[in-house]
Amino acid sequence: MRVETTQPQGLGGDTALGRVERDAEAFAKRLVQASPREIIEAAALATPGHLAVVSSFGTESAVLLKFVADVDPSLPVLFLDTLWLFKETLAYRDALVSRLKLSDVRTITPSPSALALRDPKRELAFLDRDACCGIRKVTPLADELAAFDGWISGRKRFHGGDRAALPVVEADGPRLKFNPLARLTHTELNTAFAAANLPRHPMQALGFSSVGCVPCTGRPAPGGAVRDGRWGGLAKTECGIHAGPLPAPER
Ligand code: SF4
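What comes next is a walk through the structure. Starting from 1, residues in each chain are numbered consecutively following that chain's sequence as written. Totals for whole chains, interfaces and linings use every residue, but because this is a predicted model, local features are given only for residues with pLDDT of at least 70 and side-chain atom pairs only at 80 or more, for both listing and counting. Hydrogens are left out, water is left out, and the side-chain values use all remaining heavy atoms of the structure.

### Comments concerning the pairing of strand E5 (residues 169-172)
If a strand is regular, its side chains alternate between the two faces of the sheet. Just so we agree on the cut-off: Between any two strands, pairing holds if DSSP finds at least two bridges. The helix and strand labels rest on DSSP assignments: H or I over at least four residues marks a helix, E over at least two residues marks a strand, and numbering proceeds from the N terminus.
Here 4 bridges tie E5 to strand E6 (residues 175-178), and the two strands are oriented antiparallel to one another. Directly across from Ala 171, in E6, lies its bridge partner Leu 176. As consecutive antiparallel partners, E5 and E6 are separated by 2 residues, and within that stretch Gly 173 has a phi angle of approximately 60°, a positive value.

### A short note on the site of the ligand
Defined as follows: Each residue is tested against the molecule or strand, and it is near if at least one of its non-hydrogen atoms lies within 4 Å. Throughout, the ten residues Ala, Val, Leu, Ile, Met, Phe, Trp, Tyr, Cys and Pro are labelled nonpolar, Asp, Glu, Lys and Arg are labelled charged, and all others, Gly among them, are labelled polar.
Inspection of the region around the ligand gives Trp 84, Ala 125, Arg 129, Cys 132, Cys 133, Arg 136, Cys 213, Pro 215, Cys 216 and Trp 231 as its neighbouring residues. Looking at the shell around the ligand element by element, the count peaks at 4 residues for helix H7 (residues 129-145). Each residue belonging to the shell around the ligand can be placed in one class, and the counts come to 8 nonpolar, no polar and 2 charged.

### A closer look at the nonpolar core
Formally: Grouping buried Ala, Val, Leu, Ile, Met, Phe, Trp, Tyr and Cys residues that are joined through side-chain atoms within 4.5 Å yields what is termed a nonpolar core. Accessibility here uses a 1.4 Å probe with only protein chains present; expressed as a share of the type maximum, an area under 20% marks a residue as buried, one over 50% as exposed, and anything in between as partly exposed. We call two residues in contact when some of their heavy atoms are within 4.5 Å.
With 49 residues, the main nonpolar core has Leu 31, Val 53, Leu 65, Ile 152, Val 169 and Phe 178 as its most contacted residues. The greatest single-element share of this core, amounting to 6 residues, is contributed by helix H3 (residues 61-71). Not counting chain neighbours up to four residues away, the residues in contact with Ile 152 comprise Ile 40, Ala 43, Leu 51, Ala 52, Val 53, Val 54, Leu 64, Phe 178 and Pro 180.

### Some remarks on the packing of H3 against helix H4 (residues 87-100)
Rules: Simply put, an axis is a line fit to the C-alpha atoms, just over the touching stretch for a helix, and the angle between two N-to-C directions goes from 0 to 180 degrees. Here is the rule for angles: anything less than 35 degrees is roughly parallel, anything more than 145 is roughly antiparallel, 65 through 115 is roughly perpendicular, and the remaining ranges are oblique. For any pair of crossing helices, the crossing counts as left-handed if the nearer helix is rotated counterclockwise from the farther one by less than a right angle, and right-handed if it is rotated clockwise.
Their axes nearest at 10 Å, the elements H3 and H4 cross at an angle of 30°. Comparing the axis directions of H3 and H4 gives the class roughly parallel. Here H3 and H4 pass one another in a crossing that is right-handed. Here Ala 62, Leu 65, Lys 66 and Ala 69 of H3 come into contact with H4, specifically with Tyr 92, Leu 96 and Leu 100.

The values are spatial; any link to function lies outside them.
So, in structure tokens, the structure goes:
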């Protein structure tokens, strides 16, 4: 299901992007009560050979990756290495890849030319976090996803904020975005960890309930929400890869 963004408007006011929107709504209705596995299977069927999983290999990632591995361990898994990650996250990635026998994990790094031009002193994370996320996360992912018709994210409604009303399937510009864990509760997440004896991110035991980049990750206050430690003290709550359709690829 390859959709070209430049496709002209057709008879009856139909457009390629409009069709993706309608497909997403139809899938969201059909899969509203589906299990994570059923949603991943439906995603693979809807976008044969052109489906990617996006994972941060963070504190909750193992559960989505286990569901993915149970369906097809050869599905491409895109991992955004911003070059600001904790070494513990890189080690956890390697451990999960080995444990789940994921055979196509692609580590995506920022463009060296973009870093040289816009963050030559490696200080953008302290000056303009949206711009930093832009060159280290959003643009690299947009470029990589250009080859895919659908992607899978691990977001959940219990994270709250913008995620509280997360649909199971949504449109992301010319491609479908599937959220197989949207309905999962925190308790069900922990149950899934235990049932499959999945290893935990090594920083979780130190009080980090959500782990991203070094300059933008802290421990949440006791009783805080899962993602409270991300960009602590700032209005920013998301990196931008889920803030609407990804931009057009730059390469
Ligand atoms: S989370 Fe922080 S360090 Fe990481 S890309 Fe965004 S602003 Fe930069």
